[in-house]
Amino acid sequence: MEIDCPPEESITSTFDEDSAELGDVKDMRLEADAVVNDVLFAVTEMHVSQSLTSASDVAYINVETREGNRYCLELTEAGLRVVGYAFDQVNEELNTQYHETVYSLLDTLSPGYREAFGNALLQRLEKLKQNGQ
């Protein structure tokens, strides 16, 4: 079943839309803010690290899942990956997989995220249905 929605009603990510570009390179500090804003509703806590130095090519995000697990994430042009298992912790010896999106990464880390995301999507679809769209 396909649902047509006007652009203002579509469910979209601000991950790429809100990015600032420096030439052809995205500013990862601004990308990190967009990532946090996109999924904050589906995790217990999430914020850009104030302790670890972010730059135009790398930013660090602290996230606590609904299950109570804490992670430090690295955001680069390659994507997102877990670099530590506590806030503001970078373990250089960790060799974790990069994920293209924060959705993919959280989907692998947190069943609670999957449930919250699915519920939010269902609520949005119900709202569209009630509005006759």
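Parameters and conventions
- Residues numbered from 1 in each chain as written.
- Predicted model: local features only at pLDDT ≥ 70, side-chain atom pairs only at ≥ 80, totals over all residues.
- Heavy atoms only, no water.
- Helix = DSSP H or I, 4+ residues; strand = E, 2+ residues; numbered from the N terminus.
- Expected span 1.5 Å × (residues − 1).
- Buried < 20%, exposed > 50% of the residue type's maximum accessible area, 1.4 Å probe, protein only.
- Polar contact = N/O pair within 3.5 Å; in protein donor to acceptor, adjacent residues only side chain to side chain.
- pLDDT = per-residue confidence, 0-100.
- Contact = heavy atoms within 4.5 Å.
- Phe/Tyr/Trp six-rings, centres within 6.5 Å; stacked < 30°, edge-to-face > 60°.
- Lys NZ or Arg CZ within 6 Å of the ring centre and 35° of its normal.
- Axes fitted to C-alpha atoms, helices over the stretch in contact; angles between N-to-C directions.
- Parallel < 35°, antiparallel > 145°, perpendicular 65-115°, else oblique.
- Nonpolar A, V, L, I, M, F, W, Y, C, P; charged D, E, K, R; others polar.

All right, on to helix H1 (residues 28-39) then. With 12 residues, H1 extends 17 Å from end C-alpha to end C-alpha; this agrees with the ideal 16 Å at 1.5 Å per step. For H1, every residue scored as buried is listed here: Met 28, Glu 31, Ala 32, Ala 34, Val 35, Val 36, Asp 38 and Val 39. If you check the start of H1, you find a side-chain oxygen 3.0 Å away from the backbone N of Arg 29, and it comes from Asp 27.

The next subject is the confidence of the model for the chain. Per-residue confidence for the chain gives a mean pLDDT of 84; residues scoring 70 or more make up 80%. A low-confidence stretch, residues 1-22 stays under pLDDT 50, and its non-local contacts, those more than four residues away or across chains, total 33 contacts.

Turning to its location among the elements, Asp 27 is positioned in the loop between strand S2 (25-26) and H1. The class for Asp 27 is buried, based on a relative accessible area of 9%. There is a polar contact of 3.0 Å between the side chain of Asp 27 and the backbone nitrogen of Arg 29.

This part covers unusual backbone geometry. In this structure, Asp 88 is a non-glycine residue whose phi angle is positive, near 55°. Residue position: Asp 88 is located in the loop between strand S6 (79-84) and helix H2 (102-109). On the basis of relative accessibility, which here comes to 31%, the residue Asp 88 falls in the partly exposed class.

Turning our attention to the packing of aromatic side chains. Aromatic ring pairs are reported here in terms of the distance separating the ring centres and the angle at which the planes meet. All told, the structure shown has 4 aromatic pairs when counted by the stated rule. A centroid spacing of 5.9 Å and a plane angle of 65° characterise the contact between Tyr 71 and Tyr 85, whose relative ring orientation is edge-to-face. Here Tyr 71, found in strand S5 (residues 70-76), pairs with Tyr 85, found in the loop between S6 and H2; they are 14 residues apart in sequence, far enough to count as distant. Summarising the aromatic geometry, the rings of Tyr 103 and Phe 117 are spaced 6.0 Å apart at their centres and angled 50° between planes, so their arrangement reads as tilted. One end of the pair, Tyr 103, is in helix H2; the other, Phe 117, is in helix H3 (residues 111-130), and 14 residues separate them in sequence. Aromatic rings pair up to connect Phe 41, Tyr 103, Tyr 113 and Phe 117 into one cluster. Looking at Arg 70, its charged tip hangs above the ring of Phe 87, at a distance of 4.1 Å from the centre.

This next bit is on the packing of H2 against H3. H3 packs onto H2 with a crossing angle of 125° between their chain directions and a minimal axis gap of 5 Å. Viewed along their axes, H2 and H3 adopt a mutual orientation that is oblique. Note on element contacts: H3 touches H2 through Pro 111, Tyr 113, Arg 114 and Phe 117, opposite Tyr 103, Leu 106, Asp 107, Thr 108 and Leu 109. Residues of the contact of H2 with H3, tallied by class, amount to 6 nonpolar, 1 polar and 2 charged.

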